[in-house]
Amino acid sequence: MKYASEDQEGPAAEQTAGPAASAPEHSERRATGAGHPAAPHDEQQGTRNKVARSILDHGPSTAAELALRLELTQAAVRRHLDALAAEGVVEPREKRVYGTRGRGRPARAFALTDCGRDAFDQAYDQLATEALRWIAQSAGGGEKGEAAVAAFARARLAAQAEGYRKDVEAAEPEARTEALAKALTADGYAATARSAPNPQLGEQLCQHHCPVAHVAEQYPQLCEAETEVFSRLLGTHVQRLATIAHGDGVCTTFVPKAGAGKAAHRTPRTTKTTTASASTAGRNPA
């Protein structure tokens, strides 16, 4: 299932069902009047695509967070999430809570599955994988082959980084992670910058989409080269905490705050560390 871009979805994608619909369907859109015609299947699918796209852009999200972003009722969002889960596009996870957890059941966050990510724009995974396999075999395989793939990954990311360098260097030091996130977003990575669980230590660069995630599952050199590039662009040691390639909801890189000292290089206690070359990864905070 391929998703249409939001540019192709007309305003009708957000219309609600008419008086004959059930009460939740009638109130799907916030602050709308009565009397709209019944929403056909394609309009429902258009809204469902927006839900999936919002999860892609912002990472694992609760029904409440999605409802706020899309200006829908939580009941309507839950219906779309149920449909997407039935299609194998999203899956529920327990939302990670920092600090003391309050009473009641923990909120569930919904993340895209591999199938959900495939529905966007990962059409050339097989070609890329075969090309890297050829590079490794041509270099003799084994350690020489791995080194050849690593050299290719560094060369590819070095060229890509030159497009980001101007924006990053033009930003104030405290805003460079945000500048890098914006540059990555322009390249399709849906990146954001946010405070780390302990803001005094630093911040996190989060990539909610990775166009080469499936290839990186087999060739972690791609992730390693990307981490090295981030470090050079930001002028500081950075630490990869999680990657989509190893099953996490978001690629997360910890960027220490300038002047934070040795403590800035320690992983926040509540986050499970994952290196790009590890065979498994802890789940990324939702």
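In this text the structure is predicted, and so the values were computed from the model without any measurement. (Residues numbered from 1 in each chain as written. Predicted model: local features only at pLDDT ≥ 70, side-chain atom pairs only at ≥ 80, totals over all residues. Heavy atoms only, no water.)

Structurally, T253 can be placed in strand β7 (residues 251-256). For T253, a relative accessible area of 1% gives the class buried. Within the local environment of T253, its side chain forms a polar contact with the side chain of R240, the two groups lying 2.8 Å apart. Discounting residues that sit within four places of it in the chain, T253 has contacts with E203, Q204, L205, Q207, F230, V238, Q239, R240 and L241. (Helix = DSSP H or I, 4+ residues; strand = E, 2+ residues; numbered from the N terminus. Buried < 20%, exposed > 50% of the residue type's maximum accessible area, 1.4 Å probe, protein only. Polar contact = N/O pair within 3.5 Å; in protein donor to acceptor, adjacent residues only side chain to side chain. Contact = heavy atoms within 4.5 Å.)

On to the side chain of T227. By secondary structure assignment, the location of T227 is in helix α10 (residues 221-234). One polar contact links T227 to R240, side chain to side chain, over a distance of 3.3 Å. Beyond its immediate sequence surroundings of up to four residues, T227 is in contact with V238 and R240.

Now for the pattern of salt bridges. Pairing between side chains of opposite charge can happen when their charged atoms approach one another. Inspection of every chain in the model, using the stated rule, returns 6 salt bridges. Where D57 meets R53, a salt bridge forms, and the shortest distance between an N and an O atom there is 3.2 Å. With a gap of 4 residues between them, D57 and R53 both fall in helix α2 (residues 41-58), about one helical turn apart. On the accessibility criterion, D57 (23% relative accessible area) is partly exposed. Take R53: its relative accessible area is 31%, and that puts it in the partly exposed class. (Salt bridge = Lys/Arg side-chain N within 4 Å of Asp/Glu carboxyl O.)

Looking now at the state of the cysteines. Tallied over the full model, the rule gives 0 disulfides. Of all cysteine sulfurs, the one in C251 lies closest to C210, which takes part in no disulfide; the gap is 5.1 Å. (Disulfide = S-S within 2.5 Å.)

Even without a glycine there, the phi angle at E71 is positive, about 55 degrees. Checked against the element boundaries, E71 lands in the loop between α3 (63-70) and α4 (74-86). A positive phi is found at A190, a non-glycine position, where the angle reads about 45 degrees. Of note, A190 is situated in the loop between α8 (176-186) and β4 (191-195).

With that settled, consider the sheet that holds β7. Sheet architecture is open: 4 strands sit in the order β4-β5-β7-β6, paired in antiparallel fashion. Looking at which strands have only one partner, the edges of the open sheet turn out to be β4 and β6 (239-242). Strand-to-strand twist across the sheet, computed as the mean angle between neighbouring axes with direction ignored, equals 25 degrees. Those strands touched by α8 are β4, β5 (202-207) and β7, and its axis lies near 160 degrees from that of β4. (Pairing = 2+ DSSP bridges. Axes fitted to C-alpha atoms, helices over the stretch in contact; angles between N-to-C directions.)

This part covers the nonpolar core. One broad rule of soluble globular proteins: the nonpolar side chains tend to lie buried together. Y164, L180 and L184 are the most contacted members of the largest nonpolar core, which totals 28 residues. Among the elements of the structure, α6 (125-138), α7 (142-170), α8, α9 (213-218) and α10 are those that each provide at least two residues to this core. For this core, the leading source of residues is α10, giving 7 residues. In this view, L180 contacts Y164, V168, L205, F230, L233 and L234; residues no more than four positions away in its chain are not counted. In this structure, L56, A63, V89 and F120 belong to the second largest nonpolar core, which totals 17 residues. (Core = buried A, V, L, I, M, F, W, Y, C linked by side-chain atoms within 4.5 Å.)

Moving on, we get to the packing of α7 against α8. Two elements in contact, α7 and α8, have axes separated by 8 Å at closest approach and are oriented at 150 degrees. Our classification of the angle between α7 and α8 gives roughly antiparallel. Along this stretch, α7 crosses α8, giving a crossing that reads as right-handed. Residues Y164, D167, V168 and E169 of α7 form the contact with α8, whose participating residues are R176, A179, L180, A183 and L184. Classifying every residue of the contact of α7 with α8 by side-chain character gives 6 nonpolar, no polar and 3 charged. (Parallel < 35°, antiparallel > 145°, perpendicular 65-115°, else oblique. Left-handed = near helix turned anticlockwise from the far one by under 90°. Nonpolar A, V, L, I, M, F, W, Y, C, P; charged D, E, K, R; others polar.)

For α7, built from 29 residues, the straight-helix expectation of 42 Å at 1.5 Å per residue is met to within 8% by its first-to-last C-alpha distance of 42 Å. Of all bends in α7, the biggest is about 40 degrees, found at Y164. Every buried residue of α7 is accounted for by G145, A148, V149, A150, A153, L157, Q160, A161, Y164 and V168. Buried-residue contacts for α7 involve α6, α8 and α10. (Expected span 1.5 Å × (residues − 1). Bend = angle between axes of the 7 residues up to and from the residue.)

Scope: geometric values only; no functional claims are made or implied.
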